[in-house]
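One letter stands for each residue in the lines below.
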Amino acid sequence: MSEFLLEIGSGELPYQEVSAFPPRLAESFKTFCANELDFKDDENKNVEYYSTSRRVVLLVKNMPLKTEDKEAEIIGPPLKVCYMPDGSPAAPLTQFIKKNNIKNDKKIYAVSQKKGEYAAYKTIIKGRNAEKILSENIPAILKKLQFKKSMHWSNADVRYPRPILWILALFDGKIVRFNYGDCKAGNYSYILRKDSFLKSFVKIENTNDYIEKLKKAGIILNNLERKNFIENELINNAKKIGCIFEDDDNLISEIVGITENPHTVQGQFDKKFLHIPHELLSLVMKKHQRFFPLFAKDGSKLMPYFIGVANITSNLQHDELRDNNISRGYSRVLAARLNDADFFYKEDMKKSIDYFIDKTKDVVFYKGIGTYYEKTERLKQLAPYIFKNIFGNKNTVSSSSAVSSSSAVSSSSAVSSIDTPDTSETESANIKNKKIIERCMSLLKFDLTTHVVYEFPELQGVIGKIYANKFGESEIVARAIEEHYYPTMKHGKKLMPADKFGDISAISDKFDTVLSFAMLNKLPTGESDPFAIRRAMIGIIEIMLEKQYSISLNKIFDFYFNNFYKDKSLDLINLKDIFILFAKTRFKNIMVSLNYNFDEISSVSDDIIFDDIYTSYLKIDFVSKNKLHEYMYNLTLIFKRLNNITFNSGGIVFFASEKLILKEEISLIKSYEFIKNESHRYIKLNNYYKLMNLYHEIVHPVNKFFDNVMVNVDDLELRNSRIGLLNSILLELKNLCDFSKLSY
C-alpha cells in the first residue's frame, strides 16, 4: 500500500473557499478512487484534506500500487451473421477477432441478449499502475470542481479561485507527472516567502518530510487546529492585560481562512475615542481591520485595547521588536479609521431626530414602492392593524408601565385590575399602545440617513437604537428600532425581539416589504433574491411561531391593498394567490427543517386554505404526534373512503335533507350537524385532541351509510344530495387536516 500527496498552491484564497473547497476535492477524489482504482474509503480513514489561505492539501493513505487484473466479457456481432453456410467465419466475426486480437477463435461462444444471441469472448484486462492512472486523471478531476467564484489566468483553459502557482504531487515519494494549465506538477512546495517567490521553493521527499517542514515553519494545516490555536492565543493575550475578548465566531472563521502562520499581537488606541458607542468602535475594529476588541472582565465596557492576528513567517519564536513594530502599525491604521468614525458620530449628534426623519423623504426604497418615508407612513397604519388582530382589545400595557402602576397597590389588586379591566382602562391602554407603535414606526428607518450608517451600513438598527436613546426616546421605542431587523444570528445564536412592540415592528416592516414586492410582481422564484424577500417572509414565520401569534394572512393582504397602492391597476385575486403560495412555501420548508414528515405537512398545508401560520403549525404538530392514534387512523380510512366516492364531484356541497329519508342517511345528517355545531369552539381554542374525538363520532354513521346506501343512483337530485352530504363531511373534517395525504 502507498501514499499519495497532492498540494495545490495558489494566491491567497477567499476565506470561504479555504473551508468549503477541500471537502469537495476529497469527495471527487474518493469517487475517482472507487471507480478507477477499486479503492474505497468507506470509513473515511484513508482520505484526509487540509487547507490554509495559500494551499489545499489532499493526503490519501493505503492506496494500492496497481489495479487488479479483471476478467471482461466482450460482446461481438449477432451470431446469425458470424458464420458462412459452410461454417467458416464470416466478415463481421473476422473483424471482431482482428479488432480484439483474439488468438484462439475456439474460445468464442454464444451469449443471449435482449435482441437475440451474440458472439462473445472473455479476456483478461491487466491491472494498471496507480501512478499512471493518477497522472492521466487528476487534471480532469480538478477541472470538474465547482467554485462560487473562479478566474482565468495566463492562456490556460482552467479555472480556480486564484492563479495556481505550484502543484506538489507525490506517490510514495515519486513525482506524479501532469500539467494543469500552465503549471507542471513536481516535488517542490512553497513554504515561506524569503527573498523572492522564485527562491523560496523547497524540495519535498515524501509525506513525512512535507509535514515536518510545514511544522518547522509554523504552518498549521488543519483548520480546526488553527482555529483552536487562535482562540487560545486570544484568551491568553486578553488575560495578560486583564480583559476578555468578544467571542465572534464569524470573525474567527475569517481569520482562520486568511492565515496559515497565525500570530496574535496586542495593540491599543487613544482613550479619547471611548466616547463613541462601543458598537461602532467594535465594528470598525472587526469589520474593517479584523481586530478583536477587548472588554472589561465583567463585559460592561470597551477597553482601549485590541488584538490583531498577523500571518507571519513563524509563530515558534518570540520576537519582541517585531511584535512592537506590528502593534504600532496596527494602531496607526486603526487610529485613522477611528478618526473617521469619530467625525461621523459627532456630525450626527449635531442634528435632531426630526432632521433624519425628514431626510428619509429623499431615500428611495425601491422604484415603484416609494421612499423610506412613504414606507414608514404605510407602517404607521399597518402596524396598529396587526397589533389589534394579534392582541385584540386586551389590556396590553407595556411591562414597564405595568410595573410602575402596580407599585402603588398590592399584588392581588394589581392582578385583579389586569384580569378584569374596566372599559376606560382598556381604552386608555389601547390609545397608549397605538401611540407607542406609531412612534416606533416613525423612527424605524431614520438612522439610514445618518453619516454613521451611510459609512457603516452593518450598523443600521443598532445606531438607530443608540441615537434614539440619546435623543430622548423611550427604551421601548429605541429597542424596537434595533429589533425590527430581527430575527438575526449573532455569535451562533438566533436573536428574537424582546417584547411585543419589537415583534410588531419586525413583522410589520417585513410584511410591507413582501407585499410591496408582490405588488411589483417581483417575489423571487429562482435562486436570486437581492432584496432578501425570502428572508423577510421566513422572519415573519419564525416570530409567529416563537411568540405563538395567530393572524390571518388573507386579512393582512386585504387590509394592505385596501389602503395602499389603490392607484395601481392590480389583479388582486391573482396577487393574493402568489403571496399565499410564497408564504406557504417558506412555511413548509421551515416545517421540514423541524423534522416533520412531508405527509404531515401536506395534510395541513396542501389543498387547504393556508391562512394562519401558527395555527397551521399547531395542526401539523398535533397530526405528527397523533397520526398513529386509533381515532386518527379510523378517520383517515373513512376520509379516504368518502374522498374516493366524491372525487369527481367536489363542487357539490349542498344536500336536500328532505330527500335523504333512509335511517342511515338521517343518522349521518344528525352526526354531521352535531359535530359541525360543536367543532367551532375546539377549533377556536386550537384544542385538536378534543376535535379529533368529536370527529371520530362520525366514523360509525359513515360506515353504516356506505354499507346500506347506494350513492350513485339514477335519480340525479337524490344522487347529488348524497354526494353533497359526503362532501360537506369532508370539508368539516378538513378543519383538522386532509386525511387523504397521510401515509401509513
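Above this text sits the structure in question.
Residues numbered from 1 in each chain as written. Predicted model: local features only at pLDDT ≥ 70, side-chain atom pairs only at ≥ 80, totals over all residues. Heavy atoms only, no water.

Visitor: How should the sheet that holds strand β1 (residues 2-10) be read in this particular structure?
Guide: Strand pairing within a sheet occurs via backbone hydrogen bonds; the two strands may be parallel or antiparallel. Strand order in the open sheet formed by 5 strands is β2-β3-β1-β7-β8, with antiparallel pairing between adjacent strands. At either margin of the open sheet sits one strand with a lone partner, and together these are β2 (47-51) and β8 (174-175). Sheet topology places β2 next to strand β3 (residues 55-63); 5 bridges connect them, and they run antiparallel. For Ser51, the partnering residue across the bridge sits in β3 and is Val56. (Pairing = 2+ DSSP bridges. Helix = DSSP H or I, 4+ residues; strand = E, 2+ residues; numbered from the N terminus.)

Visitor: How do you make sense of the pattern of salt bridges when you look at a structure like this?
Guide: Pairs may arise between side chains of opposite charge once their charged atoms sit close together. The final tally for this structure, using the stated rule, is 37 salt bridges. Linking Glu260 and Arg54 is a salt bridge whose minimum nitrogen-to-oxygen distance equals 2.7 Å. With Glu260 in the loop between α6 (249-258) and β14 (262-268) and Arg54 in the loop between β2 and β3, the pair connects residues that are 206 residues apart, well separated along the chain. Each member of the pair, Glu260 as well as Arg54, carries the same accessibility label: buried. Close ionic contact of Asp509 with Lys375 constitutes a salt bridge, the shortest N to O distance being 3.3 Å. In this pair, Asp509 sits in helix α17 (residues 500-519) while Lys375 sits in helix α10 (residues 372-391), placing the two residues 134 residues apart along the sequence. Comparing Asp509 with Lys375, the two get one shared label, buried. One salt-bridge network, in which partners are shared between bridges, spans Lys375, Arg378, Lys445, Asp509 and Asp512. (Salt bridge = Lys/Arg side-chain N within 4 Å of Asp/Glu carboxyl O. Buried < 20%, exposed > 50% of the residue type's maximum accessible area, 1.4 Å probe, protein only.)

Visitor: Just to check I follow, could you spell out the side chain of Asp248 for this structure?
Guide: Relative to the helices and strands, Asp248 resides in the loop between β13 (243-245) and α6. Those residues in contact with Asp248, other than ones at most four positions away along the chain, are Lys286 and His491. (Contact = heavy atoms within 4.5 Å.)

Visitor: Would you explain unusual backbone geometry in this entry?
Guide: Across residues other than glycine, the phi torsion is negative in most instances, and most of the peptide bonds are trans. At the junction of Tyr486 and Pro487, the peptide bond is cis and its omega measures out at 0° in the coordinates. With respect to the helices, strands and loops of the structure, Pro487 is situated in the loop between α16 (475-483) and β19 (488-490). One non-glycine residue with positive phi stands out, namely Arg290, at about 60°. Checked against the element boundaries, Arg290 lands in the loop between α7 (278-289) and β15 (292-296).

Visitor: What should I look at first to understand the packing of helix α21 (residues 598-605) against helix α22 (residues 613-626) in this one?
Guide: Angle between the axes and distance between the axes are the two parameters that describe a pair of packed helices. Two elements in contact, α21 and α22, have axes separated by 9 Å at closest approach and are oriented at 135°. Looking at the two axes, α21 sits oblique to α22. When you trace α21 past α22, the crossing you get is right-handed. Contact residues: α21 offers Glu600, Ile601, Ser603 and Val604, while α22 offers Ser616, Lys619, Ile620, Val623 and Ser624. Class assignment of the residues belonging to the contact of α21 with α22 gives a composition of 4 nonpolar, 3 polar and 2 charged. (Axes fitted to C-alpha atoms, helices over the stretch in contact; angles between N-to-C directions. Parallel < 35°, antiparallel > 145°, perpendicular 65-115°, else oblique. Left-handed = near helix turned anticlockwise from the far one by under 90°. Nonpolar A, V, L, I, M, F, W, Y, C, P; charged D, E, K, R; others polar.)

Visitor: Sorry, what's going on with the nonpolar core here?
Guide: The tendency in soluble globular proteins is for nonpolar side chains to be buried as a group. If you look at the biggest cluster of nonpolar residues, it comprises 141 residues, and the most contacted ones within it are Phe511 and Ile613. The greatest single-element share of this core, amounting to 10 residues, is contributed by α17. If we skip the residues at most four places from it in the chain, Ile613 touches Met537, Ile540, Ile541, Met544, Leu545, Ile551, Leu553 and Phe587. The next biggest cluster of nonpolar side chains, apart from the first, holds 39 residues, and it includes Ala130, Ile164, Ile167 and Tyr180. (Core = buried A, V, L, I, M, F, W, Y, C linked by side-chain atoms within 4.5 Å.)

Visitor: What should I look at first to understand the sheet that holds β15 in this one?
Guide: As summarised here, the arrangement of the 4 strands in space is β13-β15-β16-β14, forming an open sheet in which the pairing is antiparallel. Because the sheet does not close on itself, it has two edges, and the strands there are β13 and β14. Strand-to-strand twist across the sheet, computed as the mean angle between neighbouring axes with direction ignored, equals 35°. Relative to β15, β13 runs antiparallel, the two being bridged by 3 bridges. Directly across from Cys243, in β15, lies its bridge partner Ala296. Across the sheet, helix α5 (residues 223-240) is in contact with β13, β14, β15 and β16 (302-311); its angle to β14 comes to roughly 25°.

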